[in-house]
Structures are given as structure tokens and as C-alpha cells.
Amino acid sequence: MIAIKNLKVDLGDFLLRDINLDIEQGEYFIVLGPTGAGKTVLLEAIAGLYPVVEGGIWIDGREVTSLNPEKRGVGIVYQDQILFPHLPVKENISFGLKAMKCPTRDIKPRVDSMAEVLGITPLLGRSPPTLSGGESQKVALARALVTEPAVLLLDEPLSALDPETKERMQRELAEIHRRLKVTIIHVTHDFEEAVALGHRVAVLNDGRIVQVGTPEDILRQPNSEFIARFALSRNIFAGEVSDAGDGDAFIDIGGIKLMGITELRGRVHLSLRPEDILISREPLQSTARNSLEGTVTNIADRGAVMYVTVSVPPDFICLITRQALKELDLRKGVKVWTTFKASAVHIF
Amino acid sequence: MTRTRLWRKPDTLSLVFIVLGTLILLFILVPPLKTIFSSSAGTLWNTLLDEKVYSSILLTIYAALIATLIGLLLGVPLAYVLARHEFWGKRFLEGLIDVPIVMPHSAVGIALLFVFGSNFLMGKFLNNAGIGFVDEVSAVVIAMMFVSVPFLIDSAREGFQAVDVRLEKVARTLGASPWRSFFRVSLPLAWRSILSGSVLMWARGFSEFGAVYIVAGHVPFFGYRPVTAPILVTELFESPGGLGAAQPLTALLILICLIVFIALRTVAYKGKKA
């Protein structure tokens, strides 16, 4: 359990202020915000790496506001280049145990078992510069987790990875969290990451928390320009994969089934870009696998482009040009067909 | 390979620059090489066996080494502070640190006498503590240190700056005290820069003439009263033997510098590869 009350951190040219958060034991908590919002500063303040001007931080009921980082029981994992390059993987992981004066005979078993949990046993003898991005990230996780921190702080842990590795690591983070039941505070600017991993999300903008809630709450009633813009840029749904075969899968999103391409099974999220959806007055004969009939419920004018909301239900936001709107004679209440390819459905 | 092969397109610019470059290279290389190759190996060996010569070389090596060790002890912490902290007047301070490099070295000697001479503050203090200064090994060490320590501080600072501060932060959250984080993370990662800075400092101290000449002409050293090697070279040159008398020792000193220089480059090169 982490409690942060009226926290203020002053970096001279940047101010983090009025931060109030209560994070439950074992929660996967996301701090979401654009670049420069102060996400890293917040994490580092929790870790004790920045002096706090006002307010306080409690970890498991103990006030840590003025404690040194080494006394707080937090682990931190940064985005990139975060392993000690001069130490082999094994010694990177045992670094914390040695610093905490863990009895020598316990070090090896603890390192070995953590390496097994993360599936990095074969990497133990390697040197950090020889590891891939995903491998380095797992070693960094092991190094933090082996000290059994009260909270694990992740600073954009997936942002430096290529898309494929990123997706795999994202699933592994969820799995690690499920197995070890560690409290995690994960900062990111990536909304899909937040939706896929977070129990709750705090939106940080310009040094202040503007909204806290479940990913769905935040998406439905965005309280900040950053999220509102994002909410318009993606249709995001939660769903469940059913009738999966050979890469193709049907995803049930509450009454309707969409076709997508994924190896994932069970509960998933999916996103669909508004510009990937075609609108027509009649059903289209095409190679696109998804075709749904709905009613236009809203038309938002954004200058050159128009955002048309089509309620199937659920609501799909579609991006079309002003000219297309005129030619199709779209108005509120009109019945239309929405069509999009299975490959346009991003499942995560 | 993105580098252009010079011989494939010998345009005018490349040709002119190659000629100019060759001139300056010859200017740098010919005098020392001519000095070395003018003496036979036998002459060099016999010169080295001369008590006056080897005791002066040993004194110079020894004093430069002590200066470097003191420089490490006092300079590395300063370098770390400069690399990690921002404070008012930092740029100015960094400039001040390099002043010894540009000061006339005879002036350095005089300035040191004003502080360490037996009539002055530090000199009196050292005298009372039983440490003499003028014409002692300690004077040689201090003169060498003054002119050479900026090289170590600058190089160590650059080394620490290249260490990602987040590595230290991670070490702290893993339970390491600031001391442990410094000795287990920052220092090992910056050591190549510190080492090459040390070699540079040692070599600069070894070759110092002016400041050492002013504060310590002749110093007692293991029973002898030798002078440092660069001073001995000057004395030999001013002796009746002149240029010829100074030549073998000069060759020896150039050889020592070459060896140190090659060692330095090897360290730096391995650092880049890792």
C-alpha cells in the first residue's frame, strides 16, 4: 500500500505538485501522461531520488518521505541502458542482495530462482552489452525483484523495445505481476499499454494529476486534452477471443464479434484507428472481413476532417473527409455500414 | 565503411591537405626520432648505468608517481563533484582548474615558493611538522602536481560524466549507500578515463622543468643529491660537452615518453572497444 499526500517536488524549472494517490497492495497502477508531464520525477520522488518540498509518502504504513533511497524498499527499472555494464548478468541481479548484506549462502539460490521465474537462467553468465533490449529489460526486472521491494517502479519499461518484443514483454509483465503479486507503479505515455496492464490509471499532465480511474472510466470521460485527443484517435474495446483458428480469431466485444489476427487467447483489448474504418450507405462487397450496420449518432467537425460516431452498438468513431460527408449525405439518425479489415484490428 | 578512400579521388583539396599534413607530421616526428637514432644502443645503455643519470631518472619517475597518487586522492573527488552537481560559478571553477596548464612554469615555481617557502604560511607549518620543502623531494612533487593535476581532474570528470546517473540511482534503490554506489558503480565505470588521466598527469609531471627548477634544483634522494631528469638534460647541455653530452639522456627521456604514450593509447583504445 502506497499513500502519497500533497506531494510537491521542485526541480527549479519544473514543479510537481498536489500529488495525492492511494495505491493498493498488489495493484498494477499506471501513471499516464505526455512527455514532460513529470512522470519520471514522480517515480524518482517515490524512490527517494529527489527531495520532497511538501507533503509525504508512506509505503506499507511507514513514512518514507525523508528516508534515503536505500532504506525505502523500492525497486526501479528504467527504459534503456539500465544494467551495470561492467558486471555480468549474475552480479547485476545479486547487486542488491549484496548491498543489503544478505547472507552469502542465500544469494545464489535467490538469484537462481528469480532467473527461473523470468526465464533468463541461460543469460546468467552473459555480459550486459551482449543482451538484446528485451533480455536486458528482464534482467533489470530480476535485479529489482530479487530484493523483494514493497513496490516496483517501472519508468517507460517498454518504450525502447521493438513492437514485437514490446508486446511479448507486456504480456510477461502482466504474468510476473500475477505470479509475484508485487505492487507496481508503471509510468508510460502509451495508452494501449495503460489499458492492457493497469488496474487503475492516473493521468499526469504538467506536474499535476488530472484524473484517476479505471482505464475505461478515463477513456469514456477524459478530463484532459491529452486523453481526449487519444480517445478520438483510437476505438478501444475490451473483449474475449472466441472461435480462434490459425491466427484468425473472433473477438466478442459484448454482443458483436469482430475478426482480427492474433495469437492471444482469453481476455484481450483491441484498438481500431478511426481512419481505418470505411463508411457506406449499402453493404460493401470486399476483402475486408468486418462489416457492421449501425446508426450515425454524432458528427464532430474538426475542420478538414469529420469524426462520425456510428452506434452499432458499441460506438465506433470513424474519420472521414468533409467531402465524403457531403457525398454520402450523412446526418444524425442515418443507417450506414462500417467496414474494416481484420488486420486493422490491433489486439493487445 | 563510410570513410572515403583518399587515393580513389585525389581532388585538389585532399592533395593540398595531405601535403600540409605531412609537413606538420614530419615536424613533430623528425626531431625526437633523429635524437633517438643518433645514439647507439650501447651508448644509451652506458648512459643509463651512470649513477647521476639513473638516480635522476628514478627521482623523476618516483616524484611524478607520488604527485599522481596525491592527485588521484584529491582530484578524483573534485572531478566527481563537478560531474554530478550543478552550482553557481561551476563553469568559472572548471576554468580555474586549467589555469596551471597556461601559467608560465617559472611563474608557477615562484608562486609555490610564496606559499611553501620556509618564510611563508604553509612552509612554516610544514617545517614545524618536520617536512622541509625547498630542495626536497616534497618540493619536486608539489611542483609537478601543480602543473599536471588539471589533466587528471579534466579526464576523470569526463569519465564520470559518461556514466549514466540512472545507474547510480538504480544502485541506491537496490540498497547501496552513496559510498557503495560510488565504489561499485561510478568508479569502475569511469576508471579508464581516470587511468588515462593519471598516465597523462604522470607524464606531464615527469617532463616538468621550469617549476621544479625554481623550487628544487638539487634534492637528496636515497643518499644522492640528484636533479630531475629534465634539469639534468639542461645541465649537461650547459656543460662543456654541450649538445653531444645532453644527447643520450635526451634520447632516453624521449623513449620513456614514447613508451608511456603507447601505453596510454592502448588503455584508451581498449576502453573504446568495450
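Nothing here was measured: the structure is a model prediction, and the numbers come from that model. (Residues numbered from 1 in each chain as written. Chains lettered and ligands numbered in written order. Predicted model: local features only at pLDDT ≥ 70, side-chain atom pairs only at ≥ 80, totals over all residues.)

**Quick look at the overall build of chain A**
Note the threshold: Strands are runs of DSSP state E lasting at least 2 residues, helices are runs of H or I lasting at least 4, and numbering of each runs from the N terminus. The exposure scheme places C-beta atoms from the backbone and then counts, for each residue, the other C-beta atoms within 10 Å of its own, assigning buried at 20 or more, exposed at 12 or fewer, and partly exposed in between. Contact definition: two residues whose C-beta atoms, as placed from backbone geometry, lie within 7 Å.
Along the backbone of chain A there are nine helices and 20 strands. Seen along its three principal axes, the alpha-carbon backbone of chain A occupies a region of about 75 × 50 × 30 Å. Looking at the 348 residues of chain A, the share that counts as buried comes to 38%. The long-range fraction of contacts in chain A, counting pairs at least 24 apart against all pairs at least 6 apart in sequence, stands at 65%.

**Details of unusual backbone geometry**
Residues and elements named next belong to chain A. Between Val-312 and the following residue, Pro-313, the backbone shows a cis peptide bond with an omega angle of -15°. In this model, Glu-148 sits at a positive phi of 50°, which is unusual for a non-glycine residue. By the element assignment, Glu-148 lies in the loop between helix H4 (133-145) and strand S7 (151-155). We note that Asp-206 has phi near 50°; this positive angle belongs to a residue other than glycine. Topologically, Asp-206 is positioned in the loop between strand S9 (200-205) and strand S10 (208-213). Of the residues examined, Asp-206 has 16 C-beta atoms within 10 Å and is grouped as partly exposed.

**Digging into the nonpolar core**
Just so we agree on the cut-off: As used here, a nonpolar core is made of buried Ala, Val, Leu, Ile, Met, Phe, Trp, Tyr and Cys residues. They are joined through C-beta atoms within 7 Å. Here the limits of each domain have been adopted from an automatic or database domain assignment.
Ranked by size, the top nonpolar core spans 150 residues in total, and within it Leu153(A), Ala143(B) and Met144(B) carry the most contacts. Element by element, the count of residues in this core is highest for helix H8 (residues 137-161) of chain B, at 15 residues. In terms of domain composition, this core takes at least three residues from each of domain 1 (2-233) and domain 2 (237-347) of chain A. Sequence-distant contacts of Ala143(B), defined by excluding residues within four places in its chain, comprise Val108(B), Gly109(B), Leu112(B), Glu208(B), Ala211(B), Val212(B), Val215(B) and Ala216(B).

**Some thoughts on the sheet that holds S7(A)**
Residues and elements named next belong to chain A. Operational definition: Between any two strands, at least two bridges found by DSSP are needed for them to pair. In this analysis an axis means a line fitted to C-alpha atoms, helices contributing only their contacting stretch, and an angle means the value between N-to-C directions, from 0 to 180 degrees.
Pairing within the open sheet is mixed, and its six strands lie in the order S6-S7-S8-S3-S9-S10. Edge positions in the sheet fall to strand S6 (74-77) and S10, since each has one partner strand and no second. Across the sheet, the mean angle separating the axes of adjacent strands is 20° when strand polarity is ignored. Two strands pair when backbone bridges link them, and S9 and S10 are joined in this way by five bridges, in the antiparallel orientation. Each bridged residue has a counterpart across the sheet, and for Val-203 the counterpart in S10 is Gln-211.

**Observations concerning the sheet that holds strand S18 (residues 315-321) of chain A**
Residue and element names in this part refer to chain A. Spatial ordering of the open sheet is given by S15-S19-S16-S17-S18, a layout of five strands whose pairing is antiparallel. Where the open sheet ends on each side, the last strands, each with one partner, are strand S15 (278-280) and S18. The mean inter-strand angle of the sheet, taken between neighbouring strand axes irrespective of direction, is 45°. By the bridge criterion, seven bridges tie strand S17 (residues 305-311) to S18 in an arrangement that is antiparallel. For Val-308, the partnering residue across the bridge sits in S18 and is Cys-318.

**Some words on the packing of helix H3 (residues 51-84) of chain B against helix H10 (residues 178-206) of chain B**
Packed helix pairs are characterised by how far apart their axes lie and by the angle those axes make with each other. All names here are of chain B. Cut-off, in case you're wondering: In what follows, roughly perpendicular refers to angles from 65 to 115 degrees, roughly parallel to angles under 35, roughly antiparallel to angles over 145, and oblique to any angle outside these ranges. Note: crossing handedness is left-handed where the near helix turns anticlockwise from the far helix by less than a right angle, and right-handed where it turns clockwise. In this classification, the charged set is Asp, Glu, Lys and Arg, the nonpolar set is Ala, Val, Leu, Ile, Met, Phe, Trp, Tyr, Cys and Pro, and all remaining amino acids, among them Gly, are polar.
In the contact formed by H3 and H10, the axes pass within 9 Å of each other and the chain directions differ by 140°. Overall, the two elements H3 and H10 adopt an arrangement that is oblique. In the crossing of H3 with H10, the sense of the turn from one axis to the other is right-handed. Contact residues: Thr-60, Ile-61, Ala-64, Leu-65, Ala-67, Thr-68, Gly-71, Leu-72, Val-76 and Tyr-80 in H3; Ser-186, Ile-194, Ser-198, Met-201, Trp-202, Gly-205 and Phe-206 in H10. Residue composition of the contact of H3 with H10, grouped by class: 11 nonpolar, six polar and no charged.

**Things to note about helix H1 (residues 12-37) of chain B**
Residue and element names in this part refer to chain B. Stated precisely, the cut-off is as follows: Expected helix span is computed as 1.5 Å times (number of residues minus one). Two axes enter the bend calculation: one fitted to the seven residues ending at the residue in question, the other to the seven starting there, and the bend is the angle between them.
Under the 1.5 Å per step criterion, the end-to-end length of H1 is 36 Å for 26 residues, consistent within 8% with the ideal 38 Å. Remark: the principal bend of H1, roughly 35°, maps to Val-30, with a proline, Pro-31, within the next four residues. The element H1 is barely covered by neighbouring structure, given that only zero of its 26 residues are classed as buried.

**Here's the deal with the interface of chain B and chain A**
Facing the 16 residues of chain B at the interface are 20 residues of chain A. The set of elements that each furnish at least two residues to the side of chain B that touches chain A consists of helix H9 (165-173) and H10 of chain B. With seven residues, H9(B) is the largest single contributor of residues to the side of chain B that touches chain A.

**A word on the domain arrangement of chain A**
Residues and elements named next belong to chain A. Annotation of chain A at the domain level lists domain 1 (2-233) and domain 2 (237-347). For domain 1 and domain 2, the distance between their C-alpha centroids amounts to 35 Å. At the junction of the two partners, domain 1 supplies four residues and domain 2 supplies four residues. For the side of domain 1 that touches domain 2, the element with the highest residue contribution is helix H6 (residues 191-197), accounting for three residues.

**Quick look at the environment of Leu180(A)**
Residue and element names in this part refer to chain A. Mapped onto the elements of the fold, Leu-180 is located in helix H5 (residues 163-180). For Leu-180, a count of 16 C-beta atoms within 10 Å corresponds to the partly exposed category. Considered as a pair, Leu-180 and Gly-26 are 154 residues apart in the sequence and their alpha carbons are 8.9 Å apart.

**Here we look at the pairing of S17(A)**
Residues and elements named next belong to chain A. Here strand S16 (residues 290-302) pairs with S17 via seven bridges, running antiparallel. If you follow Asn-298 over to S17, its bridge partner there is Thr-309. Following S16, the chain reverses through two residues before pairing antiparallel with S17; Gly-303 in that reversal takes a positive phi of roughly 80°. The antiparallel hairpin formed by S17 and S18 contains three residues in its connecting segment.

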